[in-house]
Amino acid sequence: MKPIRPNKLGTCIVRFFQEYLPTLRGMRLHTIRSYRDAVVLFLRFAAALCHRGVEDLDMDDFTAEHVGKFLTSLEIERHNSIATRNARLAAIHTLARFLASEQLEHLAELQRILGIPFKHGARNAPIEYFESDEVEALLNSIDRTTGQGKRDYALFALMFNTGARVQEVLDLRVRDVRVDPPSQVRLRGKGGKDRACPIWAHTAALLRELSLRSPQSSESEAFLFTNHHGAQLTRFGVRYLLKKYVAASIPVVSTLQEKQLHPHSLRHTTAVHLLKAGVDFATISQWLGHATLNTTMVYARADLDIK
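What counts and how
Residues numbered from 1 in each chain as written. Predicted model: local features only at pLDDT ≥ 70, side-chain atom pairs only at ≥ 80, totals over all residues. Heavy atoms only, no water. Buried < 20%, exposed > 50% of the residue type's maximum accessible area, 1.4 Å probe, protein only. Helix = DSSP H or I, 4+ residues; strand = E, 2+ residues; numbered from the N terminus. Pairing = 2+ DSSP bridges. Core = buried A, V, L, I, M, F, W, Y, C linked by side-chain atoms within 4.5 Å. Contact = heavy atoms within 4.5 Å. Polar contact = N/O pair within 3.5 Å; in protein donor to acceptor, adjacent residues only side chain to side chain. Phe/Tyr/Trp six-rings, centres within 6.5 Å; stacked < 30°, edge-to-face > 60°. Axes fitted to C-alpha atoms, helices over the stretch in contact; angles between N-to-C directions. Parallel < 35°, antiparallel > 145°, perpendicular 65-115°, else oblique. Left-handed = near helix turned anticlockwise from the far one by under 90°.

For the rest of this paragraph, the subject is the pairing of strand β3 (residues 194-198). Side chains R195 and C197 project from β3 onto a buried face, and the interleaved D194, A196 and P198 project onto a face without burial. Pairing geometry for strand β2 (residues 184-188) and β3, over five bridges, is antiparallel. Across the sheet, the residue bridging to L187 is R195, located in β3. The turn linking β2 back onto β3 is made up of five residues, and G191 within it adopts a positive phi angle of 75°.

F130, F156, V185, L207 and F225 are the most contacted members of the largest nonpolar core, which totals 40 residues. Here the element with the most residues in this core is helix α7 (residues 147-162); it accounts for eight residues. When residues no more than four places from it in sequence are discounted, the contact partners of F225 are R151, A154, L155, L158, V169, L207, L210, A231, Q232 and L233. Of all hydrophobic cores here, the second largest spans 37 residues; its members include L57, M59, L89 and A100.

Let's shift gears to the side chain of R85. Examined against the element boundaries, R85 turns out to sit in helix α4 (residues 82-102). Accessibility expressed as a relative area gives 10% for R85, which makes it buried. A distance of 3.1 Å separates a polar atom in the side chain of R85 from a polar atom in the side chain of N86. Those residues in contact with R85 that sit more than four places away from it in its chain are L71, L74, E75, P117, F118 and K119.

The next subject is helix α6 (residues 132-140). Turning to α6, its buried residues are E134, V135, A137, L138 and L139. Residues of α6 that are buried make contact with α7, α10 (235-249) and α11 (263-276).

A cis amide bond, omega -10°, links P181 with the succeeding residue P182. When you line up the elements, P182 lands in the loop between β1 (177-178) and β2. Residue H51 is not a glycine yet carries a positive backbone phi of 60°. Given the relative accessible area of 73%, H51 is considered exposed. Even without being glycine, H79 reaches a positive phi, approximately 60°. Along the chain, the position of H79 falls in the loop between α3 (64-76) and α4.

Here we take up the sheet that holds β3. Across the sheet, three strands lie side by side as β1-β2-β3; this open sheet has antiparallel pairing. Of all strands in the sheet, those bounded by a partner on one side alone are β1 and β3. Summarising the sheet, β1 and β2 pair through two bridges and their orientation is antiparallel. Residue pairing for β2: R178 is matched across the bridge by Q184.

It is worth spelling out the environment of R188 at this point. Tracing the sequence through the fold places R188 in strand β2. A relative accessible area of 42% means that R188 is categorised as partly exposed. In this structure, the C-alpha to C-alpha distance between R188 and D176, residues twelve residues apart in sequence, is 9.7 Å. Those residues in contact with R188 that lie beyond four places of it in its chain are R28, E168, K193 and D194.

Counted according to the given criterion, the structure contains nine aromatic pairs. Geometrically, the ring pair formed by Y20 and F98 is tilted, given 5.0 Å between the ring centres and 40° between the ring planes. With Y20 in helix α1 (residues 8-24) and F98 in helix α4, the pair connects residues that are 78 residues apart, well separated along the chain. According to the relative accessible area criterion, F98 is buried, its value standing at 5%. When the centroid spacing of 6.1 Å and the interplanar angle of 85° are considered together, the rings of F156 and Y245 count as edge-to-face. Remark: Y245 occurs in helix α10 and F156 occurs in helix α7; sequence separation between them is 89 residues. Like Y245, F156 is buried. Three or more aromatic residues joined by ring pairs form one cluster here, namely F16, F17, Y20 and F98.

What follows concerns the pairing of β2. The side chains of a regular strand alternate between both faces of the sheet. With burial as the criterion, only one face of β2 is covered, namely that bearing V185 and L187; the residues Q184, R186 and R188 on the opposite face remain uncovered. Remark: five residues form the turn of the hairpin made by β1 and β2, two consecutive strands paired antiparallel.

Helix packing geometry: the angle between the two helix axes and the distance between the axes. Contact geometry of α11 with helix α12 (residues 281-288) gives a least axis separation of 10 Å together with a crossing angle of 155°. If you check the angle between α11 and α12, you find them roughly antiparallel. For the pair α11 and α12, the crossing hand works out as right-handed. In this structure, α11 uses R267, T270, A271, L274 and L275 to contact α12, whose residues at the interface are F281, I284, W287 and L288.

Structure follows, in C-alpha cells:
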C-alpha cells in the first residue's frame, strides 16, 4: 500500500514556511531562509539515519533522539561552532512549537524536543576586526579605475562608515540614500525596524557616483549594489570580494594574514573604532541597530587599547 502523500509532516512544514513564519510571526525573508536551511539539514540527516528518502519522513521521525544526534553531527562531522549549533536548534524549537499546536497526538515527543537545551560557551573566540591601517590597505587595494572597482570601494566604504549588517547594505535601494546634507542612508534591520544612519560627505559622494552610473539610477526601487547581471549583489558575493581584497592587502599589512575576517568583521570594526573615539555605548547601540545595550557591551572587551 502506497503511503499517503502529502503526509502530516509534509503538510505542516509547508504551512510553517508559507503561513506561520512570514504571516503570523512576521519574520523577514533572510530569517526564514536560515530556518529553512536548518530544517533541510535535519531532514537530510534523519532520512539517512532512517534509511529512507526525505519524502518518506513523517511525524514519527521527528523525535528528540534524532534531533540530539543531529546536533552532535553538526559539531563533530560538519565542525560547526556552538553558536551555529544553537541557531539550528532554535529553528527546530520553533518548528516543534508550531507542530505542537497542529499535531496534538505527538505533543509528548515535541515537548521532549523543546526540552533540548542550548549549549553554553558559544562565544569562545575573540572578536575579529580591522585596525585603521588594515582598513586603509583594504580600500587602497581596490582598483577604482573600473566600474566594478568603484562599486566595491563604495560598498566597503559604506560598510565601514555605517557598521551595517551586510544584508542591510545589500537591501539598500536608490530611494534609501540621501546624498545631500545631512547625508544618510535608511537601513532596515532585524525585525523590520528602520533606522537612519548618517554617512560622511566622502561616502555620500561615492554613492552619488555609483547611483548615476547605474542604468537603473532613475528607478527609486532599484537596488544600489548589483552584480554584472544587474541583479542584487549577494552575501556570498560580498564574502568573495572581501576575501579577494584582504589577500591583496596582506603584502602591505601582514597582520591581516593572522585574522579570520568575514563581512561581519566590518561591523565589528565600526563599533570598536566608535568606542575608541569616545562615543558612548548608548549611541553606538543606536548606530548599529542593536535591540539591547547588552549586545553592544561585548565590544568593551574586544580591543586591547581600551583594556
